[in-house]
Amino acid sequence: MSGIWINAVLDILISLSLLLGTFFIVSTALGVLRFPDVYTRLHAATKSSTLGITGILTGAFLFMYVEHGIVSGKLLLGILFILLSAPVTGHVLGRSAYYSRVPLSDKSVEDEYKAHVNKVKEH
Amino acid sequence: MPFQIVINLILAVMWMFLSETYNFKTFLVGYLLGIALLFLLQRFIPDAFYLRKVGKVFNLILLFIRELVLSNIDIVKHVYRPKLDIQPGIFALPTELKSNWEITLLANLITLTPGTLSLVISDDYSVIYVHAMDITDVEESITEIKETFEKAIMEVTR
């Protein structure tokens, strides 16, 4: 009797993590479309996609374990590497965008790095 | 710290030989016994007990995950707000951290905090230029980064 309950709870857990992951990825896509410039878009692309992918991979891991009894180490490693590489990607993309002079959006109010670069040039 | 880990591994292998069963379970039991021995004998072994540092690393990982979830929620809120009322901008964050390793960790943590993205690190490693989604509360985020992240990183690396 209790087995049915456990199965139901596990099913709900799996669907919940898959749904949450999908939700975050859809939000990422919307954010990339909506935000005004490269830098704010990078905010969306690097942040919410990590949690989205984590959610989907966790769901897949649970499913594999519950249905087939396989402990899939690859999925766990996938989560780890996504968590490690997403911030680095964001940093590198933002940096190269700045160096190739992609302008900030009109809404931007402050740019202390530009001030710093100008100061260095004057010397 | 590496010395203590090596001792611990040797103790675990010795335990496997003593109990003459060579599988992972015995290794684990041996490792736990080794930890207990190191804890009891920490007065005679150079450096502090290494599990204390492992605990701090664990703390840092928990901090990392918490910030990740918070920033995700923050971004999702921005995405679904009908009107974008944000004031993006770049601010300078002076940092006391020195080594490559520490700076990398800090930059990654900044990228995962709500509303900030580390953009450029100055050539002398003293300033990190951070792009913020909403620059109105810069002071607050600077103190938050300094208080929580720098402290947590320093506890691990020093």
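Conventions used here
- Residues numbered from 1 in each chain as written.
- Chains lettered and ligands numbered in written order.
- Predicted model: local features only at pLDDT ≥ 70, side-chain atom pairs only at ≥ 80, totals over all residues.
- Heavy atoms only, no water.
- Helix = DSSP H or I, 4+ residues; strand = E, 2+ residues; numbered from the N terminus.
- Rg over C-alpha atoms; globule rule 2.2 N^0.38 Å.
- Buried < 20%, exposed > 50% of the residue type's maximum accessible area, 1.4 Å probe, protein only.
- Contact = heavy atoms within 4.5 Å.
- Axes fitted to C-alpha atoms, helices over the stretch in contact; angles between N-to-C directions.
- Parallel < 35°, antiparallel > 145°, perpendicular 65-115°, else oblique.
- Left-handed = near helix turned anticlockwise from the far one by under 90°.
- Nonpolar A, V, L, I, M, F, W, Y, C, P; charged D, E, K, R; others polar.
- Buried area = accessible area lost by both parts, 1.4 Å probe.
- Polar contact = N/O pair within 3.5 Å; in protein donor to acceptor, adjacent residues only side chain to side chain.
- Expected span 1.5 Å × (residues − 1).
- Pairing = 2+ DSSP bridges.

A.B. asks: What is the right way to read the overall build of chain A from this model?
C.D. replies: Summing up its helical and strand segments, chain A has four helices and one strand in all. N-terminal to C-terminal, the α/β element order of chain A is α-α-α-β-α. Computed over the C-alpha atoms, the radius of gyration of chain A is 21 Å, more than 25% above the 14 Å expected from 2.2 N^0.38 for a compact globule of 123 residues. Its C-alpha atoms give chain A principal-axis dimensions of about 75 × 25 × 15 Å.

A.B. asks: Looking at this structure, I do not really get the environment of L83 of chain A. What am I missing?
C.D. replies: The residue L83 of chain A is located in helix α3 (residues 73-99) in this model. Judged by relative accessible area, which is 17%, L83 of chain A ranks as buried. Each C-alpha atom, one on L83 of chain A and one on S49 of chain A, is 10.0 Å from the other, the two residues being 34 residues apart in sequence. Once residues lying within four places of it in the same chain are set aside, the contact partners of L83 of chain A are T50 and T54 of chain A together with F64 and L68 of chain B.

A.B. asks: What's the story with the packing of helix α1 (residues 2-19) of chain B against helix α2 (residues 24-40) of chain B in this structure? I'm lost.
C.D. replies: Helices that pack against each other are described as a pair by the angle of their axes relative to one another and the distance between those axes. Residues and elements named next belong to chain B. For the pair α1 and α2, interaxial distance at closest approach is 7 Å and the crossing angle is 130°. Between α1 and α2, the crossing angle belongs to the class labelled oblique. Where α1 crosses over α2, the two elements pack in a sense that is right-handed. Together, Q4, I5, I7, N8, L9, L11, A12, V13, W15, M16 and S19 of α1 and T26, F27, V29, G30, Y31, L33, G34, I35, L37 and L38 of α2 make up the contact between the two elements. Here the contact of α1 with α2 is built from residues that sort into 15 nonpolar, six polar and no charged.

A.B. asks: Just to check I follow, could you spell out the interface of chain A and chain B for this structure?
C.D. replies: In many reports, interface size means the accessible area that the parts give up when they come together. Contacts between the two partners involve 39 residues from chain A, matched on the other side by 38 residues from chain B. Of the roughly 3300 Å² buried at the junction of chain A and chain B (both faces included), carbon and sulfur atoms supply 70%. Together, R34, H43 and K47 of chain A form the three largest contributors to the area buried by chain A at its contact with chain B, with a combined 20%. There are nine residue pairs in polar contact (both at pLDDT 80 or more) connecting chain A and chain B. Those elements that place two or more of their residues in the side of chain A that touches chain B are α1 (2-34), α2 (38-68), α3, β1 (110-111) and α4 (112-122) of chain A. Here the side of chain A that touches chain B takes eleven residues from α2 of chain A, the largest share from any one element. Of the residues assigned to the side of chain A that touches chain B, the class counts are 19 nonpolar, 13 polar and seven charged.

A.B. asks: Hey, could you run me through helix α3 (residues 50-80) of chain B in this one?
C.D. replies: One turn of the α-helix equals 3.6 residues, which is why residues spaced by three or four share an orientation. The first and last C-alpha atoms of α3 of chain B sit 46 Å apart over 31 residues, in line with the 45 Å expected at 1.5 Å per residue. Along α3 of chain B, the positions that sit buried rather than exposed are Y50, L60, L63, F64, E67, L68, S71, N72, I75, V76, H78 and V79 of chain B.

A.B. asks: How do you make sense of the pairing of strand β3 (residues 127-132) of chain B when you look at a structure like this?
C.D. replies: Side chains on a regular strand alternate between the two faces of the sheet. Residue and element names in this part refer to chain B. Counted residue by residue, β3 has six buried out of six residues, so it is predominantly covered. Residue alternation in β3 divides its side chains into two sets, V127, Y129 and H131 and I128, V130 and A132, and both sets are buried. Across six bridges, strand β1 (residues 89-94) lies against β3 in antiparallel orientation. Bridged to I90 within β3 is H131. In this structure, strand β2 (residues 116-121) lies alongside β3, joined through five bridges in antiparallel fashion. The residue bridging L117 from the neighbouring strand is H131, located in β3. Once β2 ends, the chain turns through five residues before running back antiparallel as β3, passing Y125 with a positive phi of about 65°.

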